[in-house]
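# Chains, contacts and geometry: an overview
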Amino acid sequence: MLKPNIIPDKEPVLYVGIVLPEDRFTNIDIEVPDSPLYKLISGESEEKRLQKGDRLEFVINHGAISLVINEQQSIESATWRIEPVDSKYIVANKTGLKVKGVITGRGFHWVKNIDVYLPGAIEISVIDSNLVVANELPIEQYLMCVTTSEMGAECPPAFVESQTIIARSWMLANIEMKHANIGLDVCNDDCCQRYQGTTFLSDEAIRGALNTYGKVLLCDDKICDTRYFKSCGGITESFENVFGDEPISYLKSVVDAPGQFQHEALPLDSEDSVRKWIEDTPESYCSTHVVPESELIKYLGNVDVEGEYFRWNFRYTQKEITALLNLKMDIDAAAILAIRPVKRGYSGRLIKVQVDYRHIDGQQESVIMEDQYVIRQTFHELFLYSSAFVIDIEKGIEDIPEAFILKGAGWGHGVGYCQIGALGMSLKGFTAEDIVYHYYPGSKLKKIY
Ligand SMILES: [Zn+2]
Ligand SMILES: [Zn+2]
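Predicted, not measured: the structure shown is a model, and the values here were computed from it.

## A look at the overall build of the protein chain
In terms of regular secondary structure, the protein chain is built from 10 helices and 24 strands. Taken over C-alpha atoms, the radius of gyration comes to 25 Å for the protein chain, in line with the 22 Å a tight globule of 449 residues would show. C-alpha extents for the protein chain along the principal axes are approximately 80 × 55 × 40 Å. Burial statistics for the protein chain: of 449 residues in total, 43% are counted as buried. Considering only contacts within the protein chain whose residues lie at least 6 apart along the sequence, 67% involve residues at least 24 apart.

Structure below.
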């Protein structure tokens, strides 16, 4: 496992959770590919060579795991490990062990089961009567696989390389360690970074990892916390305004445009300037001037064809907003009277909002919301793209507005690397190094292994 606050001097090996205890699996099927050759290791019996096409079925049986190979022998062991005989195997699209029906979208409404191909070794164990499947593999192979899910087929190499550098730095900075209690560095889902092995692995992602092998961003002799998001909307946000902690020098707000860029709304230090900024389409790297949104799908994974991210609108009728805020905040409102910005960050992202409403008992009340995450969760049925928005109303009867319109900018928390902006920079001919230095000012690129 990775060790926090230690800069490795050789390529580390990662343990990635593929099946977690909360998935409540009691069995898992694995298929052995034509190549490379694999061996099977258990605590209780001798090492055994596997044959191509072997079908392995692991089932929990009285606290141990019984293994049935090709529907024949059954062998028992507390743990199992399958590993390549030769550690220098070739990694390419759909190579490795095929693990069937693993969960993706864990805990979300889009949760589903998919088959994945995994390079490296697999370990199977039991925790609290549930199967746990871990994938052990060198970090560079892991990085190829995770950057693949962040991009489409036509990504410029500089974009892929910059994305790989920040994914590597993020992993090695090892800020979160959400699964350390069960011996895993990361899981396979959006909770950490989406990892589906070599299932969708592209040649571009392989090249991106090879061309940046071992390179990370450093600041003050520490690997940088390289956070990222989809679109800043023209300006990134500073760390302390979003994560409420001490400022971090390389995670400060930057205008996502060339140094000479100017705009009459800047800096965004009043409601007027924020409105001017959001109602305009400034020519930042992530703007639709540089990357037309209809073409985003060619470059990025996880975007909608019809999506509007740089500038967007949501209209809620009085009835809709009342129902939404009652549901999200449990306030028993009869009507929403006003949504008032109280505090914003440098990018226009709201970090404090006041909602005035008429209570069902007739009196007027207010509620305050802090934290951009809470604000985004509250003002959308699922999750609002960003908290950088201004509020328009359509007048109704007396003091009760007919509708509220949220006009917003960007997608995500806004701290660190702007993915669509990085894509825009690469399309304009900037290198991976230019891109990472733009988003993490004051950091230094270094090859550590
Ligand atoms: Zn996780
Ligand atoms: Zn941007």
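Additional details are given in the paragraphs that follow.
## A word on helix α1 (residues 139–148)
A large share of α1 lies buried, amounting to 10 of its 10 residues. For α1, the complete set of buried residues consists of Ile139, Glu140, Gln141, Tyr142, Leu143, Met144, Cys145, Val146, Thr147 and Thr148. As for α1, its buried residues are in contact with β1 (13–19), β12 (130–138), α2 (157–173) and α3 (203–211).

## Digging into the environment of Leu56
With respect to the helices and strands, the residue Leu56 is situated in strand β5 (residues 55–61). Take Leu56: there are 22 C-beta atoms within 10 Å of it, and that puts it in the buried class. Considering only alpha carbons, one finds Leu56 and Gln72, 16 residues apart in sequence, at a separation of 9.8 Å. Among residues more than four places away in sequence, those in contact with Leu56 are Ile30, Leu67 and Ile69.

## Thoughts on the domain arrangement of the protein chain
In terms of domain boundaries, the protein chain breaks down into domain 1 (13–216) and domain 2 (244–411). Domain 1 and domain 2 are separated by 38 Å when their C-alpha centres are compared. On the domain 2 side, the residues contacting the seven residues of domain 1 number five residues. Residue classes in the side of domain 1 that touches domain 2 are distributed as three nonpolar, two polar and two charged.

## Some details on the nonpolar core
Counting residues in each nonpolar core, the largest one holds 123 residues, and the members touching the most others are Val16, Val99, Val133 and Tyr142. Per-element tally for this core: the top contributor is α2, with 10 residues. Three or more residues apiece are contributed to this core by two domains, here domain 1 (13–216) and domain 2 (244–411).

## So, the packing of α1 against α3
Two elements in contact, α1 and α3, have axes whose closest approach is 8 Å; the angle formed by their N-to-C orientations is 135 degrees. Relative to α3, the element α1 is oriented oblique. In the crossing of α1 with α3, the sense of the turn from one axis to the other is right-handed. Listed contacts from α3 to Glu140, Leu143, Met144, Thr147 and Thr148 of α1 are Ala205, Ile206, Gly208 and Ala209. Per-class residue counts for the contact of α1 with α3 are five nonpolar, three polar and one charged.

## Observations concerning the pairing of strand β9 (residues 97–104)
Looking at chain direction, strand β2 (residues 27–31) and β9 are connected through two bridges and run antiparallel. Within β9, the position partnered with Ile30 by the bridge is Val99. Alignment of β9 against strand β10 (residues 112–118), held across six bridges, turns out to be antiparallel. The residue bridging Val102 from the neighbouring strand is Ile114, located in β10.

## Concerning the environment of Glu204
Structurally, Glu204 can be placed in helix α3. On the neighbour-count criterion, Glu204 (20 C-beta atoms within 10 Å) is buried. Taking the C-alpha atoms as reference points, Glu204 and Thr226, 22 residues apart in sequence, are found 21 Å from one another. Setting aside anything within four residues of it in sequence, one finds Glu204 in contact with Cys155 and Val160.

## Remarks on the sheet that holds strand β19 (residues 350–359)
On the basis of which strands lie adjacent, the open sheet formed by three strands has the order β18-β19-β20 and antiparallel pairing. Every other strand in the sheet has two partners, leaving β18 (333–344) and β20 (364–370) as the edge strands with one partner each. Each strand of the sheet is rotated relative to its neighbour by a mean of 20 degrees, with strand direction disregarded. As defined by bridge partners, β19 adjoins β20 across seven bridges and the pair is classed as antiparallel. The residue bridging Tyr357 from the neighbouring strand is Glu365, located in β20. Those strands touched by helix α7 (residues 318–329) are β18, β19 and β20, and its axis lies near 75 degrees from that of β18.

## Some details on the pairing of strand β7 (residues 74–77)
Alignment of strand β6 (residues 64–69) against β7, held across four bridges, turns out to be antiparallel. Bridging across to β7, Ile65 finds its partner in Ser77. Counting the residues in the hairpin turn of β6 and β7 gives four residues, including Asn70, whose phi is positive at 50 degrees.

## Let's talk about the packing of α1 against α2
Two numbers describe a pair of packed helices, the interaxial angle and the distance between the axes. Here α1 crosses α2 at 125 degrees, and the two axes come no closer than 10 Å. Taken together, α1 and α2 sit at an angle that is classed as oblique. α2 is crossed by α1, and the crossing has right-handed handedness. Counted together, Ile139, Leu143, Val146 and Thr147 of α1 and Val160, Gln163, Thr164, Ala167, Arg168 and Met171 of α2 form the full contact between these two elements.

## What to know about the sheet that holds strand β13 (residues 186–187)
An order of β4-β3-β8-β11-β12-β1-β13 is seen for the seven strands of this open sheet, with the pairing classed as mixed. This sheet does not close on itself; its edge strands, each paired only once, are β4 (48–49) and β13. Here strand β11 (residues 121–127) pairs with β12 via seven bridges, running antiparallel. Looking at the pairing, Ile127 lines up with Asn130 of β12.

Analysis parameters
- Residues numbered from 1 in each chain as written.
- Chains lettered and ligands numbered in written order.
- Predicted model: local features only at pLDDT ≥ 70, side-chain atom pairs only at ≥ 80, totals over all residues.
- Helix = DSSP H or I, 4+ residues; strand = E, 2+ residues; numbered from the N terminus.
- Rg over C-alpha atoms; globule rule 2.2 N^0.38 Å.
- Buried ≥ 20, exposed ≤ 12 C-beta atoms within 10 Å, placed from the backbone.
- Contact = placed C-beta atoms within 7 Å.
- Domains from an automatic or database assignment.
- Nonpolar A, V, L, I, M, F, W, Y, C, P; charged D, E, K, R; others polar.
- Core = buried A, V, L, I, M, F, W, Y, C linked by C-beta atoms within 7 Å.
- Axes fitted to C-alpha atoms, helices over the stretch in contact; angles between N-to-C directions.
- Parallel < 35°, antiparallel > 145°, perpendicular 65-115°, else oblique.
- Left-handed = near helix turned anticlockwise from the far one by under 90°.
- Pairing = 2+ DSSP bridges.

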